[in-house]
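# Descriptive structure summary
Spelled out, the chains give:
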Amino acid sequence: MDYICKKINNKNAVVSVPGSKSVTARAMLLAAIAEGTSTLYGVSLCDDCMTFLNCLKALGIKSELVGDTLKIEGCGGKLEISEAEIDVGNAGTAARFIPAFLAFQRGKFTVKCSEQMKRRPVAPLVEALKALGAKITFLENENCFPFEIIGGISSYEVEVDIQKSSQFLSALLISAVCAKKPVRIKRKGAHGMGYVNMTLDMMWSFGVTVKENGNIYEVFGNYTPKKYDIEPDISAACYFYAMNRLLGTDIKVKGLMPHSMQSDGKFIQIIKTFDGGKIDMGSFSDQALTMAACAPFFKSPTEICGVAHIRGQECDRISAICENLKNAGVKCEEKEDGVIIYPSEFNPVKIKTFGDHRVAMSFAVAGLASEGVVIENAEVCSKTFPDYFEILEGLWKE
């Protein structure tokens, strides 16, 4: 499905976005490990979160979903089954969190995935899981999905490199309680620490306090079941605040809290007055595409830096930015860790999404501020925000 961008007429709308994908995935796993039944309110129903839930079901975790309320019966940190096959599809969080959970279980498990996921980095997590004692056999390429994992740990100290993804550390932190003994995790690198802090906050909410000493984390305890409210997804909200900046609209996102665990909240504050300049987006890199789509409309050149790791996400996002901008007649320079974008007229163009939900949603913002922009394969937004383009259609109406 291709999507033709139109002008917004409803300039003072209030829109709803899904629950946070990041918070939903973490809450699902925390609830699955807890002993007892948790109820999660406002869960995201996006493809990634439903994939995560299906993985838990395949592992014998019982759940009941009614609307956006999810009940999960936890296993107390120990699965009842010792063999299963799961498919993480194209869900990055499931692909990191579920294997770490399996490393602490007794049994043999097969982890399958989409073709796209086979190209995403996983070696640092694999190395950490092996160091803990898990046995991993790759079914195709070394240090890539798919693989078989035989759980069971023999060491309670491990180092993990998070330069490519903070999810490697979050995955270990959440599941370490399954060891039933203190586990010491040493962090190498400091990428995406906002998401690590989110993980620690949510672990505390479920009853486990992690001892921190510099880059060393000591995890021990048990999760207790909770009734837990999922925040609205700030990443999804950012597109509407980008529209406000470019279009002069006053679109508000329902339920958005002034203080959030989600790092992308930085973008909402910055975009209000940003008009070009150099900006390190390493700590809120999901919005690098959104900033890039806005940049041609600013008064001064914009240099986005600190985001080299986004080359290894759903697509090479830096290359995707440059190819689409150049096709729209925008002057830009590709850098190893980002891009420089110059004020330019945004010409009619068909945006190539490369199967990446954030490419589709970000460049739709540019399309609303220009003419003749078509988003190809717009349905890829279902990965995180299934109703995004339906909401935009609603904004055309007075």
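The sections below set out a description of the structure shown in this document.

What counts as what
- Sequence positions are assigned chain by chain, starting from 1 and proceeding in written order.
- A pLDDT threshold of at least 70 governs which residues receive local features in this predicted model, and a stricter bar of 80 or more applies before side-chain atom pairs are shown or counted, although totals over entire chains, interfaces and linings include all residues.
- Water and hydrogen atoms were dropped before computing side-chain values, which therefore reflect all heavy atoms in the structure.
- Both site types are read off a 1 Å grid over the protein atoms alone. A 1.4 Å probe that fits but cannot get out defines a cavity, while an open set with protein on both sides within 12 Å along at least five of seven lines defines a pocket; lining residues have an atom within 4 Å of a point.
- Grid points are joined across faces, edges and corners, and a volume is the space filled by probe spheres set on the points.
- For this classification, the nonpolar set comprises Ala, Val, Leu, Ile, Met, Phe, Trp, Tyr, Cys and Pro, the charged set comprises Asp, Glu, Lys and Arg, and every other residue, Gly included, is treated as polar.
- When DSSP finds at least two bridges between two strands, those strands are taken to pair.
- Strands are runs of DSSP state E lasting at least two residues, helices are runs of H or I lasting at least four, and both sets are numbered from the N terminus onward.
- Axes, fitted as lines to C-alpha atoms, cover a helix only where it is in contact. Angles between the N-to-C directions of the axes lie from 0 to 180 degrees.
- Side-chain atoms alone can form a polar contact between residues adjacent in sequence; in general such a contact is a pair of N or O atoms within 3.5 Å, and within protein one must be able to donate a hydrogen while the other accepts it.
- Contact between two residues is taken to exist if any of their heavy atoms lie within 4.5 Å; hydrogens are not considered.

## Focus: the layout of surface pockets
- Of the volumes computed, that of the largest pocket is approximately 600 Å³.
- Together, 33 residues line the largest pocket, and Arg96, Arg120, Gln167, Asp286 and Gln313 are the ones closest to its centre.
- Split into classes, the residues belonging to the lining of the largest pocket amount to three nonpolar, 19 polar and 11 charged.
- Lining the second largest pocket are 19 residues, and of these Val17, Pro18, Gly19, Gly42 and Asp68 sit closest to its centre.
- A per-class count over the lining of the second largest pocket returns 11 nonpolar, four polar and four charged.

## Some words on the sheet that holds strand S18 (residues 332-335)
- An order of S16-S17-S19-S18 is seen for the four strands of this open sheet, with the pairing classed as mixed. Since the sheet does not close on itself, it has two edges, and those belong to strand S16 (277-280) and S18, each with one partner. For this sheet, the mean inter-axis angle between neighbouring strands, taken without regard to orientation, is 10 degrees.
- Here strand S17 (residues 302-305) runs beside strand S19 (residues 338-341); their pairing, made up of three bridges, is antiparallel.

## A few points about the side chain of aspartate 48
- As for its position among the elements, aspartate 48 is in helix H2 (residues 47-58).
- There is a polar contact of 3.4 Å between the side chain of aspartate 48 and the side chain of lysine 21.
- Sequence-distant contacts of aspartate 48, defined by excluding residues within four places in its chain, comprise Lys21, Asn90, Ala91, Gly92, Lys383 and Thr384.

## So, the environment of glycine 394
- Here glycine 394 shows up in helix H12 (residues 388-395).
- The spatial distance from the C-alpha of glycine 394 to the C-alpha of threonine 51 is 28 Å, given a sequence separation of 343 residues.

## Notes on unusual backbone geometry
- A cis amide bond links phenylalanine 145 to the next residue, proline 146, at an omega of -5 degrees.
- The residue proline 146 is located in the loop between strand S8 (135-138) and strand S9 (147-150) in this model.

## Comments concerning empty space enclosed by the protein
- Going through the model one piece at a time under the given rule, you end up with two cavities of 30 Å³ or more.
- Put simply, the largest cavity is a space of about 40 Å³.
- If you trace the largest cavity, you find it lined by Lys21, Ala25, Asp48, Cys49, Phe52, Ala91, Thr93 and Ala94.
- Of all elements in the fold, only helix H1 (21-33), H2 and helix H3 (92-103) reach the threshold of two or more residues within the lining of the largest cavity.
- For the lining of the largest cavity, a count of residues per class yields five nonpolar, one polar and two charged.
- Approximately 30 Å³ is the volume found for the second largest cavity.
- For the second largest cavity, the full set of lining residues is Asp233, Ser235, Ala236, Tyr239, Arg358, Met361, Thr384 and Phe385.
- Elements represented by at least two residues in the lining of the second largest cavity include exactly helix H7 (234-247) and helix H11 (357-368).
- Sort the elements by how many residues they give to the lining of the second largest cavity and H7 lands first, with three residues.
- Broken down by class, the residue content of the lining of the second largest cavity amounts to four nonpolar, two polar and two charged.

Read these as layout, nothing more, since geometry by itself doesn't imply function.
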